[in-house]
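# What the coordinates show
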Amino acid sequence: MIPDAVFFHKLSRLRMAMGHRASMNLTGNHKSTQKGSSMEFSDFREYMPGDDIRRIDWNAYGRLDRLYIKEYMEEKEAVISILLDTSASMLYGEKKKSELACMLAATFSYIGLNNMDRVVLYDMKDLQNGKMQPPFMAGGGNKALPRLADWLNQRTFSDTVDISGAVMRLPVKSNGITIIISDFLQETFLVPEEDTLRKLLHFLEYRKQRAVLLHVLAQEELAVTLTGTRNLIDIEDNSTLRLTLDAKSILVYQKALADFLTSFRAECARAGAFYAVCSTQRDIYQLIFQDLKGLYDI
């Protein structure tokens, strides 16, 4: 489910906060630490849909048979990388986590595009497998929204995702924002000795990214209402667990969940990353404009 036009209109006044000043000049609404004129050449990069075709270097095309454009110091944009968890566990819940995840991806893609930033949206399954299927890439305004909707509608939520492995393969080359949208239901995050979350955050810090973790959970996961003896089936590997759910076992689960979320929040705070739990039950307007307001530079 993708937000409608009314929702997008309400987003128009929002702008992503970089969390630090960018180290490059930007055509978007972010400030830079460097100086230069609009005619000061900076670099070449591969052509992306939405780029001004007048910037294409046809000499490079003749040599390399690939399209490249020239970048100038004042024409570089901030880059917002969004990693979407497309594992089967995201299909859980009466209100599916996958639907909320896509809404969040669409929301922050729009905010970036509306502020003339460059948005790159990755399917984590493609990143982890090294397949590098084309991500959604756009810049230069929100005219790319129809393509964004098509890309999100084509996502298949299935199998498993190695979240950390996907992040480590993220091909970022300059300062920016990296947003990870996931339920983080991966066993490695539950093993303190592996220190997976800390390593992930350190990697993003090393790559000069402002890390944003949006922890998407179904209401049924946050507040268990099932009772009695149940056969629980793992949606990703089809393994089963027979469990009696009574008041005592539910309390044990709630404490374990609270400890898990607290550990995530504390680790993100230590790393200077933004972290928020995003419940499928939460009204989308309250979630975006209240719960996640710390993300914006208004």
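Further up the page is the structure itself.
### Some remarks on the packing of aromatic side chains
Enumeration over the complete set of coordinates arrives at seven aromatic pairs. With a centroid separation of 5.7 Å and an interplanar angle of 90 degrees, the aromatic rings of phenylalanine 184 and phenylalanine 189 are classed as edge-to-face. You can call phenylalanine 184 buried: its relative accessible area is 1%. Ring centres of phenylalanine 264 and tyrosine 275 lie 5.9 Å apart, and the angle between their planes is 40 degrees; on these two criteria the pair is classed as tilted. Residue phenylalanine 264 is located in helix H9 (residues 247-271), and its partner tyrosine 275 is located in strand S10 (residues 274-279); the two are separated by eleven residues in the primary sequence. As far as burial versus exposure is concerned, phenylalanine 264 and tyrosine 275 are alike and both buried. Over the face of the ring belonging to tryptophan 151 we find arginine 155, whose NZ or CZ atom lies 3.9 Å from the ring centre.

### Some words on the nonpolar core
Counting 46 residues, the largest nonpolar core has Leu104, Phe108, Ile179, Ile181, Leu214, Ile288 and Leu292 as its most contacted members. Among the elements that take part in this core, helix H3 (residues 97-114) stands out by supplying eleven residues, more than any other. For isoleucine 179, the residues in contact, after removing those within four places along its chain, are Met16, Ile80, Ser81, Ile82, Leu83, Phe108, Val212 and Leu214. In terms of nonpolar packing, the next biggest core, distinct from the first, is built from 29 residues, Met124, Ala166, Leu170 and Ala211 among them.

### Considerations on unusual backbone geometry
In terms of backbone geometry, most residues other than glycine have negative phi values and most peptide bonds are trans. One non-glycine residue, methionine 116, lies in positive phi territory at about 65 degrees. Within the secondary structure, methionine 116 is located in the loop between H3 and strand S4 (118-123). Here methionine 116 falls in the partly exposed class, since its relative accessible area comes to 34%. Although it is not a glycine, aspartate 195 sits at a positive phi angle of roughly 55 degrees. Within the element layout of this structure, aspartate 195 appears in the loop between strand S6 (176-182) and helix H7 (196-206). On the accessibility criterion, aspartate 195 (29% relative accessible area) is partly exposed.

Conventions used here
Per-chain numbering applies: the sequence of each chain, read as written, is numbered from 1 onward. Where totals are concerned, whole chains, interfaces and linings use all residues; where local detail is concerned, this predicted model gives features only for residues with pLDDT of at least 70, and gives and counts side-chain atom pairs only at 80 or more. With hydrogens and water set aside, each side-chain value is computed from the structure's full complement of heavy atoms. Under the pairing criterion, centres of Phe, Tyr and Trp rings, with the six-membered ring standing for Trp, must be within 6.5 Å; the plane angle then separates stacked pairs below 30 degrees from edge-to-face pairs above 60, leaving the rest tilted. Whether a residue is buried, partly exposed or exposed follows from its accessible area with a 1.4 Å probe, protein chains only, as a fraction of its type maximum: under 20%, in between, or over 50%, in that order. Labels follow the DSSP assignment, with helices taken as runs of H or I lasting at least four residues and strands as runs of E lasting at least two, numbered in each case from the N terminus. Charge-over-ring contacts are defined here by two conditions on Lys NZ or Arg CZ: a distance within 6 Å of the ring centre and an angle within 35 degrees of the ring normal. The criterion is simple. A nonpolar core is a set of buried Ala, Val, Leu, Ile, Met, Phe, Trp, Tyr and Cys residues joined through side-chain atoms within 4.5 Å. Whether two residues are in contact is decided by their heavy atoms, any of which lying within 4.5 Å being enough.

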